[in-house]
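# Report on the structure
One letter stands for each residue in the lines below.
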Amino acid sequence: MVDRTVAVLAGGLSHERDISLRSGRRLSAALKSEGFDTHEWDTDASLLERLRTQRPDAVVVALHGGEGENGSVQTVLEMLDVPFVGTGSQGCRRAWDKPTAKSLLANAGFVTPSWVVLPHSMFRELGAQAVLDAMVERLGLPLILKPDQGGSALGTQVVREAAELPAAMVGCFAYGDTVLAEQYVDGVEVAVTVVEGEDGPQALPAVEIVPESGVYDFTARYTAGLTDFFTPARLDDTAAKAVAELAVAAHRVMGLRDISRTDAIVAADGTVNFLAVNLSPGLTETSTVPMSIEAAGKSLGGVFSELISRAIAR
């Protein structure tokens, strides 16, 4: 791969720009160690010209949030016929919208916490308090609020008392016009990375996530020392097998490609609850994907080197 040129797309204009840049830098360094001629490109007005005049052999999408995960950048790469690592535009759209992803997994027979989805306009038109009362009546307390689209747990808040709901809704709407309210499930939180190889998608060892605050929010995700991670997760064999099966099923059901990360909760009774799937997962020092890769006896550069070869051969 010494003569292969790879462009790592990182940055962008989403709320997750800084995290994406960190992921991009780490991935770029890992690929350079594998012998690739690697370049880090932002997704700005110069990108199309670069793709045309400095056409790389492959692109790796390390963008988090917004256009990097909702299928927009992938559509551009597809239009220009540039090989890239990651899910195609259609799969991106399915995974990016959390209610759609939950519906697809529920229809496939998997468990996901009960939820409702409501736009900001509904609260204005029907009266905020009346809608909030109905939400609590339907889902109970505690519940968790999150934007229907987006990553890194931005805007996500756990609500344990009805009096906390109005302020929590305001915080959630700061990151999107539609809120996903979900029944809160207490249990073991895990992240399961899936990587495609010659034998199809395979689940790597699950990572158990134990945030110091009790909530795996943006700060807990990206501040070293605020969350404990256990890889492999401290699950019995039955639960470990179930979370792996869920992650592979999510990858297949949504038509994802190359690499993905599924987030789930294992309840006290052993029930595995699907939460969301991420198709451009973080690769920072506190991200779970590199932990899974290491636990599987692999290297970040080695895994992505194989994915790049697959992308070029497609």
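A brief structural summary. (Residues numbered from 1 in each chain as written. Predicted model: local features only at pLDDT ≥ 70, side-chain atom pairs only at ≥ 80, totals over all residues. Heavy atoms only, no water.)

### Quick notes on the packing of helix 4 (residues 89–96) against helix 5 (residues 98–107)
- Running from N to C, helix 4 and helix 5 point in directions that differ by 95°, and their axes come no closer than 5 Å. The angle between helix 4 and helix 5 falls in the class roughly perpendicular. From helix 4, R94, A95 and W96 reach across to helix 5, where they touch K98, T100, A101 and L104.
- Classifying every residue of the contact of helix 4 with helix 5 by side-chain character gives four nonpolar, one polar and two charged. (Axes fitted to C-alpha atoms, helices over the stretch in contact; angles between N-to-C directions. Helix = DSSP H or I, 4+ residues; strand = E, 2+ residues; numbered from the N terminus. Parallel < 35°, antiparallel > 145°, perpendicular 65-115°, else oblique. Contact = heavy atoms within 4.5 Å. Nonpolar A, V, L, I, M, F, W, Y, C, P; charged D, E, K, R; others polar.)

### Considering the sheet that holds strand 3 (residues 58–61)
- Across the sheet, which stays open at both edges, the four strands sit in the order 2-1-3-4 with parallel pairing between neighbours. The open sheet has two edge strands with one neighbour each: strand 2 (37–41) and strand 4 (84–85).
- Judged from the five bridges that link them, strand 1 (residues 5–9) and strand 2 form a sheet pairing that is parallel. Residue L9 lies in a different strand from strand 2, and its bridge partner there is W41. (Pairing = 2+ DSSP bridges.)

### Considering the packing of aromatic side chains
- In total, this model carries two aromatic pairs according to the counting rule given.
- Pairing F123 with F173 gives two aromatic rings, centres 5.7 Å apart and planes at 75°, and the pair type is edge-to-face. Here F123, found in helix 6 (residues 120–126), pairs with F173, found in helix 8 (residues 165–173); they are 50 residues apart in sequence, far enough to count as distant.
- Classification of F173 by relative accessible area gives buried; the value is 16%.
- Taking the centre distance of 6.3 Å and the plane angle of 75° together, the rings of Y216 and F229 count as edge-to-face. With Y216 in the loop between strand 11 (207–211) and helix 9 (218–222) and F229 in strand 12 (residues 227–230), the pair connects residues that are 13 residues apart, well separated along the chain.
- Judged by its relative accessible area of 10%, Y216 falls in the buried class.
- If you follow R160 out to its NZ or CZ, it ends over the ring of Y184, 5.2 Å from the centre. (Phe/Tyr/Trp six-rings, centres within 6.5 Å; stacked < 30°, edge-to-face > 60°. Buried < 20%, exposed > 50% of the residue type's maximum accessible area, 1.4 Å probe, protein only. Lys NZ or Arg CZ within 6 Å of the ring centre and 35° of its normal.)

### Brief notes about the side chain of T262
- Of note, T262 is situated in strand 13 (residues 259–267).
- In contact with T262, other than residues within four places in its own chain, are V190, A191, V192, L246, A247, A250, F274, A276 and V277.

### A closer look at the environment of P201
- The topology assignment puts P201 in strand 10 (residues 200–203).
- Separated by 85 residues in the primary sequence, P201 and V116 place their C-alpha atoms 31 Å from one another.
- Residues contacting P201, with those up to four places away along its chain left out, are V194, V195, E196, V248, H251 and R252.

### Quick notes on helix 8
- Listing the buried residues of helix 8 in full gives L165, A168, M169, C172 and F173. Down the axis, helix 8 shows its buried residues gathered within 130° of arc, on one side only. Helix 8 presents A167 and V170 as exposed residues on the side facing more than 90 degrees away from its buried surface.
- Residues of helix 8 that are buried in the fold lie against strand 5 (115–119), helix 6, helix 7 (128–139), strand 6 (143–147), strand 7 (157–159) and strand 8 (178–183). (Arc of directions from axis to C-beta.)

### Digging into the packing of helix 1 (residues 17–33) against helix 12 (residues 300–313)
- Following both chains from N to C, one finds helix 1 and helix 12 inclined at 80°, their axes separated by 8 Å at the closest point. Taken together, the axes of helix 1 and helix 12 are roughly perpendicular relative to one another. Together, R26, L27, A30 and L31 of helix 1 and L300, G301, F304, S305 and I308 of helix 12 make up the contact between the two elements.
- Its residues assigned to classes, the contact of helix 1 with helix 12 comprises six nonpolar, two polar and one charged.

### Examining the nonpolar core
- Formed by 24 residues in total, the largest nonpolar core has its most connected members in V190, L235, V243, M254 and F274.
- Only helix 4, helix 5, strand 9 (187–197), helix 10 (237–253), strand 13 and strand 14 (272–278) provide two or more residues apiece to this core.
- Among the elements that take part in this core, helix 10 stands out by supplying six residues, more than any other.
- If you look at the next biggest cluster of nonpolar residues, it comprises 22 residues, including V8, A58, L204 and I308. (Core = buried A, V, L, I, M, F, W, Y, C linked by side-chain atoms within 4.5 Å.)

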